[in-house]
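Notes for the structure review
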Amino acid sequence: MARILRINLSALTATTEEVPEAYRKFGGRGLTACILDHEVPPTCDPLGSENKLIWAPGLMGGTIAPCSGRLSVGAKSPMTKGVKEANTGGAMSQKLARLGFKAVIFEGKAKEPTTVKIEKTGVSFGSAASLAGLGCYEIIEKLKGEYGDKVCIGCIGPAGDMRLTASSIMFTTPDFHIRVAARGGLGAVMGSKNLKSVIVDDTGSNLAEVKDQNKLKENVAALTKGVLGTHFLEGLRHLGTPQIVMITQTAGCLPTKNFTMGQFDKAESICGEHMEELLKKRANSKTVHACMQGCIISCSNVYTDENGKFIVASIEYESIALIGSNCLIGDLDMIARINRACNDAGVDTMDVGSALAVAMEGGLLKWGDAEGALKLVQEINAGTENGRMIGSGAKITGEKLGVKRIPHVKGQALSAYDPRILKGTGVTFATSPQGADHTAGIVLPGPHHPQYSPIEPTGQAPESRFMQQWMAAIDTLGYCMMIGMTFMEEKSKQLHLNMIGALSAVAGEEYPDTYVADLGAAVLEIERKFNKAAGLTKEDDRLPKFFTEEKFGPGQFVFDVSTQEIDSVHKN
Ligand code: SF4
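Here's what I pulled together on the structure shown here. Owing to the predicted nature of the structure, the values given are computational and were not obtained by experimental measurement. Residue positions are given per chain, counted from 1 along the sequence in the order it is written. Side-chain atom pairs in this predicted model are given and counted only at pLDDT of 80 or more, local residue features only at pLDDT of at least 70, and totals for whole chains, interfaces and linings cover all residues. Excluding hydrogens and water, the side-chain values take into account all heavy atoms of the structure.

Side note on the nonpolar core
Residues belong to a common nonpolar core when they are buried Ala, Val, Leu, Ile, Met, Phe, Trp, Tyr or Cys residues joined through side-chain atoms within 4.5 Å. For each residue, the accessible area found with a 1.4 Å probe, counting protein chains only, is set against the maximum for its type, and the residue is called buried under 20%, exposed over 50%, and partly exposed in between. Among the nonpolar cores identified, the biggest contains 157 residues, and Y303 and Y479 are the most heavily contacted of them. Residues are treated as being in contact if the distance between any of their heavy atoms lies within 4.5 Å. Ignoring anything within four residues of it in the chain, the contact list for Y479 reads M60, A65, P66, C67, S68, R70, L223, I474, M499 and A502. Residues A91, A110, F171 and V198 belong to the second largest nonpolar core, which totals 30 residues.

Structural notes on the state of the cysteines
Disulfides are defined in this document as cysteine sulfur pairs within 2.5 Å. As enumerated under the stated definition, the model contains zero disulfides in all. You can see C253 has no disulfide; the closest cysteine sulfur is in C271, sitting 15 Å from it. The class of C253 is buried, set by a relative accessible area of 1%.

Topic: the pattern of salt bridges
When a carboxyl oxygen of Asp or Glu lies within 4 Å of a side-chain nitrogen of Lys or Arg, that pair is called a salt bridge. Summed over all chains, the structure comprises 34 salt bridges. Note that R183 and D348 form a salt bridge whose closest N and O atoms lie 3.0 Å from each other. Taken as a pair, R183 in the loop between β11 (178-181) and α5 (186-192) and D348 in the loop between α12 (332-345) and α13 (349-361) lie far apart in primary sequence, 165 residues in all. Both residues of the pair, R183 and D348, count as buried. Across the pair R183 and D437 runs a salt bridge whose closest N-O atoms are separated by 3.7 Å. Of this pair, R183 sits in the loop between β11 and α5 while D437 sits in the loop between α17 (423-431) and α18 (460-477), and the two are 254 residues apart along the sequence. When its relative accessible area of 4% is taken as the criterion, R183 is described as buried. Using a relative accessible area of 3% as the deciding quantity, one classes D437 as buried. Put simply, R6, E17, E39, K52 and E107 are held in one network by salt bridges that share partners. Helix and strand definitions here come from DSSP, where helices need a minimum of 4 consecutive H or I residues and strands a minimum of 2 consecutive E residues; each element is numbered from the N-terminal end.

Some details on the side chain of D541
Mapping D541 onto the fold places it in the loop between α21 (515-534) and α22 (545-549). Relative accessible area serves as the criterion here: at 4%, D541 is assigned to the buried category. N or O atoms closer than or at 3.5 Å make up a polar contact, with two conditions inside protein: a donor-capable atom paired with an acceptor-capable one, and, for residues adjacent in sequence, both atoms drawn from side chains. Separated by 2.8 Å, the side chains of D541 and K410 make a polar contact. Only 3.0 Å separates the side chain of D541 from the side chain of R528, close enough to count as a polar contact. Those residues in contact with D541 that sit more than four places away from it in its chain are K410, A430, T431, R528 and I566.

Remarks on the packing of aromatic side chains
Two rings from Phe, Tyr or Trp (for Trp, the six-membered ring) form a pair when their centres are within 6.5 Å of each other. A pair whose planes differ by under 30 degrees is stacked, one over 60 is edge-to-face, and the rest are tilted. For the structure on display, the rule yields eight aromatic pairs. Judged by centre distance (6.5 Å) and plane angle (70°), the ring pair of Y137 and F310 falls under edge-to-face. A residue pair is termed long-range when its members are at least 10 positions apart, and Y137 in helix α3 (residues 136-147) and F310 in strand β15 (residues 310-312) qualify at 173 residues. Ring geometry for Y511 and Y515: centres 4.1 Å apart, planes at 25°, overall stacked.

Quick notes on the environment of V377
Tracing the backbone shows V377 in helix α14 (residues 370-382). As for V377 and R388, which are separated by 11 residues in sequence, their C-alpha atoms are 9.2 Å apart. Discounting chain neighbours no more than four positions away, the residues touching V377 are I338, A341, C342, V352, L356 and I390.

Details of empty space enclosed by the protein
Sizing a probe to match a water molecule and rolling it over the atoms shows the empty space that remains. Definitions used throughout: a 1 Å grid over protein atoms alone; a cavity as a set of points that fits a 1.4 Å probe which cannot get out; a pocket as an open set with protein on both sides within 12 Å along at least five of seven lines; a lining residue as one with an atom within 4 Å of a point. Grid points are joined across faces, edges and corners, and a volume is the space filled by probe spheres set on the points. Enumeration over the complete set of coordinates arrives at one cavity of 30 Å³ or more. Computed from the structure, the largest cavity encloses a volume of approximately 30 Å³. Forming the boundary of the largest cavity are T431, R528, K538, D541, I566, D567, H570 and N572. Its residues placed into classes, the lining of the largest cavity shows one nonpolar, three polar and four charged. Ten residues, namely Ala, Val, Leu, Ile, Met, Phe, Trp, Tyr, Cys and Pro, are considered nonpolar, four, namely Asp, Glu, Lys and Arg, are considered charged, and the remaining ones, Gly among them, are considered polar.

Observations concerning the sheet that holds β15
Two strands pair under a simple rule: DSSP has to find at least two bridges between them. The strand order β13-β14-β15 describes an open sheet built from three strands, whose pairing is antiparallel. On the outer flanks of this sheet lie β13 (286-289) and β15, each paired with one strand and no other. Taking each pair of neighbouring strands and ignoring which way they run, the sheet shows an average axis angle of 40°. For helices, the axis comes from a line fit to the C-alpha atoms of the stretch in contact; other axes are also lines fit to C-alpha atoms, and the angle between any two N-to-C directions lies between 0 and 180 degrees. Sheet strands touched by helix α10 (residues 272-280): β13 and β14 (300-304). Its angle to β14, the strand with the most contacts, is close to 55°.

Focus: α3
Every helix has an expected span of 1.5 Å times one less than the residues it contains. With 12 residues, α3 should cover 16 Å at 1.5 Å per step; its first-to-last C-alpha distance of 16 Å lies within 8% of that length. Inspection of α3 places C136, Y137, I139, I140 and L143 among the buried residues, and these make up the whole buried set. One face of α3 carries all of its buried residues, which in axial projection span an arc of 160°. In α3, those exposed residues whose orientation departs by more than 90 degrees from the buried face are E141, G145 and E146. G148 sits one or two residues past α3 and shows a positive phi near 90°. Note: the arc covers the axis-to-C-beta directions of the helix.

Structure follows, in structure tokens:
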């Protein structure tokens with residue numbers, strides 16, 4: 001039976017323990033919230049010794065279920081000051097699950113920068129002094145040289161060392177590219193514990209425990225076949241998330257010039273179709289790449305320059321829009337380089353991309369100045385005053401530069417959808433306990449949702465509630481949100497039942513057809529409870545005023561969902 005691994009960094013000890021009853025029904029995001037709720041004082045200093053850093057595979061982690069190897073990283077966030085789960089691909093979740101761990105809890109604070117190694121035979125601790133001052137790419141190369149290429153590495157970069165509020169935690173994929181637990185500044189929490197890197201070696205381990213293998217196989221076969229036939233995956237499987245650029249451009253909600261416009265005159269230079277054309281001519285690139293074992297969609301890419309030299313993997317829609325159109329940067333190669341600099345510093349491309357646009361609005365950089373933006377991000381590693389500012393994200397950058405229009409909720413930058421056109425998504429940005437985030441439950445129109453109008457000011461709360469519950473459950477099960485979105489299609493009702501069947505097979509229990517939505521609702525309730533106890537109020541569930549006041553696009557839209565409707569999304 002899976003156990004909890006508790007690592008005390010103050011004492012440099014590791015113990016395993018049975019999973020308490022209260023934690024059992026959860027994995028992934030739900031488990032991180034549940035552990036925070038039971039073990040972390042909600043009003044504690046996020047960078048103090050009372051906060052805990054939790055890494056949890058989902059309930060399906062370590063099994064043969066498709067795309068089920070996402071890792072949930074949780075802690076009280078130094079950015080939102082509330083509950084936080086940052087979700088990532090890479091190899092970490094599968095390795096931890098196969099070693100039999102339902103979660104790893106890092107607590108206390110080491111005396112000096114420390115590397116932790118977790119393997120079948122136990123946990124060991126070493127000095128991370130040799131990694132001081134290095135960027136993440138060099139850290140990973142060095143650790144790979146030391147520990148071999150069968151391990152998974154989780155580490156922080158200079159931004160995490162400096163406890164900057166936009167710092168992230170980087171994880172390696174099976175082929176040693178970088179995936180990122182990006183949001184909410186959890187790299188700073190890791191840095192505050194003097195935890196520099198974690199190496200996990202699952203040599204000698206097996207697939208995670210499953211109560212009914214045959215039932216799992218049947219449901220997984222049906223899921224795989226059904227998912228690959230869904231409409232949602234058609235473009236995603238060859239263009240990846242960059243395909244969204246032309247979709248949001250056409251809909252008029254592609255963030256442009258710090259959310260002053262919804263269409264970018266150079267969108268065709270930064271879109272997925274253009275990326276595919278470029279990369280097909282470039283050596284060593286990939287337009288299709290899986291970020292973790294068991295992925296059947298492969299929406300990632302490997303981006304190289306015109307000489308075939310590696311720049312970054314993977315470049316995603318959110319980074320392209322927030323570093324690109326939102327800063328009026330129309331050169332995909334430069335966006336890739338800025339993305340790489342963010343990865344090297346160990347920061348969130350979304351918050352730092354948004355901070356660059358805010359810095360442009362504040363006059364620190366000229367609009368569209370890609371070279372200036374790259375240099376500014378590179379200053380994070382050097383720890384200059386401006387580097388620290390930009391590495392702290394949009395809110396701190398805006399406050400420091402006196403900018404009034406800062407697109408954030410609960411201190412976290414909005415991801416790349418303008419809420420004046422996508423109002424249900426705006427309601428999610430406002431009310432998610434996680435702060436504004438595309439993984440929290442975006443509400444999209446489309447063939448899968450024919451009756452839905454995203455621009456109506458009413459009727460958005462139930463749509464947002466449903467998607468928030470759904471995504472909270474998907475993150476708790478450990479599925480990638482890409483596969484999670486396919487379950488939404490009308491013809492996917494059977495897939496939904498197969499998903500519940502697969503979970504029943506793993507757990508050895510039968511669940512009702514409503515189980516997924518119920519699970520998501522339970523997770524949100526815990527997260528909201530933690531936030532309330534941490535001091536967040538309904539006033540924190542609001543979009544920045546400029547979205548409600550500044551008319552936008554040819555339709556002259558504002559975000560006009562009433563506060564009464566917004567407050568009706570959650571019970572607590
Ligand atoms: S669908 Fe994309 S993000 Fe999800 S696991 Fe596969 S490659 Fe990673």
